[in-house]
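Letter by letter, the chains look like this.
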Amino acid sequence: MGRERERTTCCVVGGGPAGMVLGLLLARAGVEVTVLEKHGDFLRDFRGDTVHPSTLRLLDDLGLADRFEALPQRHVHSVQLPIGRGGELFTVGDIGSLPGKYNYVAMVPQWDLLDLLADEANREPSFRLRMNTEVTSFLMERGRVTGVRYRDRAGGSAGELRATLTVACDGRGSLARALPELGLREFPCPMDVWWFRLPRRASDPQGLVGNAGERFLTAMIDRGDYWQCAVLIPKGADAKYRAEGLDRFLTSFEEATPWMRPGTGTADRDTRPRSWDEVKLLDVRMDRLRRWHRPGLLCIGDAAHAMSPVFGIGINLAVEDAVAAARHLAGPLRAGTVGLGDVRAVQRRRWPTAAATQRLQRIAHARVIEPLLQGRSQAVGGEPLRLAEVLTKAPWLKRAPAYFLAYGAGRERPPAASVRRSG
Ligand SMILES: Cc1cc2nc3c(=O)[nH]c(=O)nc-3n(C[C@H](O)[C@H](O)[C@H](O)COP(=O)(O)OP(=O)(O)OC[C@H]3O[C@@H](n4cnc5c(N)ncnc54)[C@H](O)[C@@H]3O)c2cc1C
């Protein structure tokens, strides 16, 4: 098969939140950029839906606030966690108490956000998005990554794309992770996640609703006419729980979520999942590369640090990585001087936030999630209750986790050339 030889300045592997934001910002800053995405569209269910204030503020800076607000969405002003099974809910992040216009988390299907970013980026003459294009390996010359080999999944052809810099935004299964010098460090996770849908009625609660059941935890994402349900189960328990039968699970699920019970007027038993095929398993992983770069290559987003679903913060970290990368790299890429020092600067800037967030997620795994999933909820009840008491007594303490959830460790600003004021 004949191979095409093509060239771009920045090759972005993967059109998830990190890749699409990076592509848009670089193209607006006048850098020639090509995003390669292996899927033919953005319609995938196993993605988070949360758009935090840091990303909302970015969209505003980019002049996209009005278009974003026109997307179907729900607003969540606080995050509540249950203490023990059927236990009291306590607020860990009262984002609504923060000053400013964007004091909420917008729950928006990720494909809508990605479509918006793609549409906006496609207006830039230096941007190219190639869907159905799977990167299969890196091109290497004298120890430097000089681009990628790809396969067109629709047409079956293969090709090579040379680039001054390649940025791996291809998520937790990133090709870059096979490069041993980047050093993958993995952290144990106590849970896996089941995903399924349930119908939602107008009288149901709104936003993001969590609860604790018998050795599982639920997080239900309001998507208007249906709930996208995530159920956290103990790591490796999938086969055992499935063998116990779907009815048994659905009955305990409804016990934990009484307003979903048939006969309460909120859900119809006929529309519950009818077979395990409708309940998808997601293997939860948390890890981080020690080094996010090598000559010619930078990793950001989940490719550099796969996050636990706890706090629903992975999309926003991926977006902030992209903003920081665009800010550090746009100038050197335009000038053709991008070097190892520039990509190192991106890791130096973003590593502390990624590491601190994973540290907090590990604490939540060990102190709250694992005991609840192992049926030791009473044993931990005291500790979260004491924490809840402290958090509700001191308003500034309530704001600290809210601020962290909303903005992370610090604000990332896009390059000036990428900013557009709406109106
Ligand atoms: C169960 C679960 C629930 C979560 N819920 C939330 C949540 O509610 N809120 C939140 O903020 N975060 C959540 N997260 C985390 C969030 O999904 C990720 O952190 C975020 O999507 C990372 O963005 P990314 O762009 O780095 O990678 P991804 O979103 O993984 O995007 C990678 C892209 O690269 C493409 N790709 C992969 N390989 C190739 C290749 N070889 N060639 C070309 N393209 C390729 C993929 O198709 C994909 O489009 C959750 C994670 C899990 C596991």
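These lines cover the structure that appears in this document, whether it is placed above or below.

### Here's the deal with the sheet that holds strand β16 (residues 226–234)
Phase 1: Ordered by their spatial adjacency, five strands build an open sheet running β14-β15-β16-β13-β17, and the pairing between neighbours is antiparallel. Taken across any chain shown, the strands that pair with only one partner, and hence form the sheet edges, are β14 (208–213) and β17 (280–282). On average, each strand axis in the sheet is tilted by 25° relative to the strand beside it, whichever way the strands run.
Phase 2: Bridging between strand β13 (residues 191–199) and β17 involves three bridges; their strand directions are antiparallel. If you follow V193 over to β17, its bridge partner there is L282.
Phase 3: Along the sheet, helix α6 (residues 246–256) makes contact with β13, β14, β15 (216–222) and β16, crossing β15 at roughly 70°.

### So, the site of the ligand
Phase 1: Residues in close proximity to the ligand total 33 residues, the closest being E37, R47, T50, D302 and I315.
Phase 2: Between the ligand and E37, the relevant distance is 2.7 Å, taken from an oxygen atom to a side-chain nitrogen or oxygen of the residue.
Phase 3: Between the ligand and the protein, one listed contact pairs an oxygen atom with a backbone N or O atom of G314 at 3.1 Å.
Phase 4: Expressed as a share of its isolated accessible area of 1,000 Å², the protein-covered part of the ligand is 90%.
Phase 5: Of all the elements in the fold, those that place two or more residues in the shell around the ligand are α1 (17–28), β9 (133–141), β13 and α7 (314–335).

### Remarks on the environment of E32
Phase 1: On the secondary structure map, E32 appears in the loop between α1 and β2 (33–36).
Phase 2: For E32, the residues in contact, after removing those within four places along its chain, are R7, T8, T9, C10 and S126.
Phase 3: At a separation of 3.4 Å, a polar atom in the side chain of E32 contacts the main-chain amide nitrogen of T9.

### Examining the packing of α1 against helix α4 (residues 110–121)
Phase 1: Following both chains from N to C, one finds α1 and α4 inclined at 20°, their axes separated by 9 Å at the closest point. When the axes of α1 and α4 are compared, the pair comes out roughly parallel. The interaxial crossing formed by α1 with α4 has left-handed handedness. Touching P17, M20, V21, L24 and R28 of α1 are Q110, L114, L117, A118, E120 and A121, all from α4.
Phase 2: In terms of residue class, the contact of α1 with α4 is made up of eight nonpolar, one polar and two charged.

### Focus: unusual backbone geometry
Phase 1: One non-glycine residue, N132, adopts positive backbone phi at about 60°.
Phase 2: Mapped onto the elements, N132 comes out in the loop between β8 (127–130) and β9.
Phase 3: With phi around 75°, F311 is a residue other than glycine that occupies positive phi space.
Phase 4: On the secondary structure map, F311 appears in the loop between β20 (297–299) and α7.
Phase 5: For F311, a relative accessible area of 33% translates into the label partly exposed.

### A look at the packing of α1 against α7
Phase 1: Packing of α1 against α7 leaves a shortest axis separation of 8 Å and a crossing angle of 30°. As summarised for this structure, α1 and α7 are arranged roughly parallel, according to the angle between their axes. In terms of crossing hand, the pair formed by α1 and α7 is right-handed. Touching P17, A18, V21, L22, L25 and L26 of α1 are I315, A318, V319, A322, V323, A325, A326, A330 and L333, all from α7.
Phase 2: Partitioning the contact of α1 with α7 into residue classes produces 15 nonpolar, no polar and no charged.

What counts, and at which threshold
Residues numbered from 1 in each chain as written. Predicted model: local features only at pLDDT ≥ 70, side-chain atom pairs only at ≥ 80, totals over all residues. Heavy atoms only, no water. Pairing = 2+ DSSP bridges. Helix = DSSP H or I, 4+ residues; strand = E, 2+ residues; numbered from the N terminus. Axes fitted to C-alpha atoms, helices over the stretch in contact; angles between N-to-C directions. Contact = heavy atoms within 4.5 Å. Near = heavy atom within 4 Å. Polar contact = N/O pair within 3.5 Å; in protein donor to acceptor, adjacent residues only side chain to side chain. Areas by Shrake-Rupley, 256 points an atom, 1.4 Å probe, with all protein chains shown as cover. Parallel < 35°, antiparallel > 145°, perpendicular 65-115°, else oblique. Left-handed = near helix turned anticlockwise from the far one by under 90°. Nonpolar A, V, L, I, M, F, W, Y, C, P; charged D, E, K, R; others polar. Buried < 20%, exposed > 50% of the residue type's maximum accessible area, 1.4 Å probe, protein only.

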